[in-house]
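Structural description and commentary
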Amino acid sequence: MSLSRRQFLATSALAAGTAGSRLPLALAIDPVKRPSDKPDLKLSLAAYSMRQFLDLKKPTMTLFEFIDYAAELPVDAVELTSYFWAETTDAYIEKVRDHAAKKKLAVSGIPVGNNFCLRDDAKRKAEVQKVKDWTLRAAKVGAKTVRIFAGNLEKGDTLEEAQKRVVAAMNECCEVAEMAGVLLALENHGGITDTPEHLLDLVKPVKSPALGVNIDTGNFHTADPYADIAKIAPYGVVSQVKTEVFPGNKREDADLARVIKILKDANFHGYVALEYEAKEDPKVAVPRFAKELRKLISG
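The rules behind these values
- Residues numbered from 1 in each chain as written.
- Predicted model: local features only at pLDDT ≥ 70, side-chain atom pairs only at ≥ 80, totals over all residues.
- Heavy atoms only, no water.
- Buried < 20%, exposed > 50% of the residue type's maximum accessible area, 1.4 Å probe, protein only.
- Helix = DSSP H or I, 4+ residues; strand = E, 2+ residues; numbered from the N terminus.
- Pairing = 2+ DSSP bridges.
- Right-handed = clockwise from strand over helix to strand, strands pointing away.
- Polar contact = N/O pair within 3.5 Å; in protein donor to acceptor, adjacent residues only side chain to side chain.
- Contact = heavy atoms within 4.5 Å.
- Core = buried A, V, L, I, M, F, W, Y, C linked by side-chain atoms within 4.5 Å.

**Notes on the pairing of strand 3 (residues 106-111)**
Here strand 3 lies mainly inside the structure; six of its six residues are buried. When strand 2 (residues 77-79) meets strand 3, the two strands line up parallel, connected through three bridges. In the sheet register, Glu79 faces strand 3, and the bridge partner there is Gly109. As for the winding sense of the linkage, the β-α-β connection from strand 2 through helix 4 (residues 90-102) to strand 3 is right-handed. Here strand 3 pairs with strand 4 (residues 145-148) via three bridges, running parallel. By the bridge assignment for strand 4, Pro111 is matched with Arg147.

**Focus: the side chain of Asn267**
Examined against the element boundaries, Asn267 turns out to sit in the loop between helix 9 (256-265) and strand 10 (269-274). Here Asn267 falls in the buried class, since its relative accessible area comes to 15%. In terms of polar contacts, Asn267 uses its side chain to reach the backbone carbonyl oxygen of Ser36, at 2.7 Å. In this view, Asn267 contacts Arg34, Ser36, Asp37, Lys38 and Pro39; residues no more than four positions away in its chain are not counted.

**What to know about the nonpolar core**
Counting 86 residues, the largest nonpolar core has Phe66 and Trp85 as the members making the most contacts within it. The biggest single contributor to this core is helix 6 (residues 159-180), with eight residues. Not counting residues within four places of it along the chain, the set of residues in contact with Trp85 comprises Leu56, Leu63, Leu80, Tyr92, Ile93, Val96, Ile110, Trp134 and Val141.

**A short note on the pairing of strand 5 (residues 183-187)**
The element strand 5 is largely enclosed, with a buried count of five among its five residues. In strand 5, alternate side chains face the same way, and those of Leu183, Ala185 and Glu187 on one face and Leu184 and Leu186 on the other are all buried. As paired strands, strand 4 and strand 5 are joined by four bridges and run parallel to one another. The residue bridging Arg147 from the neighbouring strand is Ala185, located in strand 5. What joins strand 4 to strand 5 is helix 6, and the crossover it makes is right-handed. Bridging between strand 5 and strand 6 (residues 211-216) involves four bridges; their strand directions are parallel. Looking at strand 6, one finds that Glu187 is bridged to Asn214. The parallel pair strand 5 and strand 6, bridged by helix 7 (residues 196-203), forms a crossover whose chirality is right-handed.

Pasting the structure below:
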């Protein structure tokens, strides 16, 4: 049985108060109704920035060591990508939660990889269940958001039919998210979310206060990615900031000051996670970009 919007807001406010921050909420059909007229950006570090060290196939860094690393940087939180969790037991979740708290870091979110476009009902059902499971884990670890994907068109499929399946899957997942007091954040991640219009075609039909957008600043390979970031920013509940952009698929350094200004102009409230994917050694680059983003956010 899903919570009413009023109950969801109350539950989320309680969770946010416990974690020392506020959850931005919205009916997905509309831009997010922010809790105040002043932007409130908090800096996080995405575990994906250290993916080559956290890769479970041959790890040289544990999730706990990543948290230790982030604690030495000027960030408020860590984003703990699901790909790098060695276990999913309750004991492990509690250990991660307690370790982050000990290091005085919030858990801004848990990115999940999924594909809701799949036509095979059983396979798509498994993807839905994965998101539901991680949503409940996110609640246990104290995370504010769960990043989700829409997916890619399969051969012979149509955009309209794929969109219907994705919307239905998100509606189902939102029921769990509402009960858990967690926000699902659909990312602009290519595929059927390659443009702001395609992304919002999926978000707007979902009438749940538990759905918003994850603004990935490096994922629009359009003619003007900055303009397109601005189009989805009003719907954002979390953001992943990359240090590169790809106008017309051409790689170039991101104008981070411009990116942060776009978020502030949209009165963004939420976590901004540095997700480093460029070629430089992340252990060298991440501290530099974390300091730059902290300065921009504070300015």
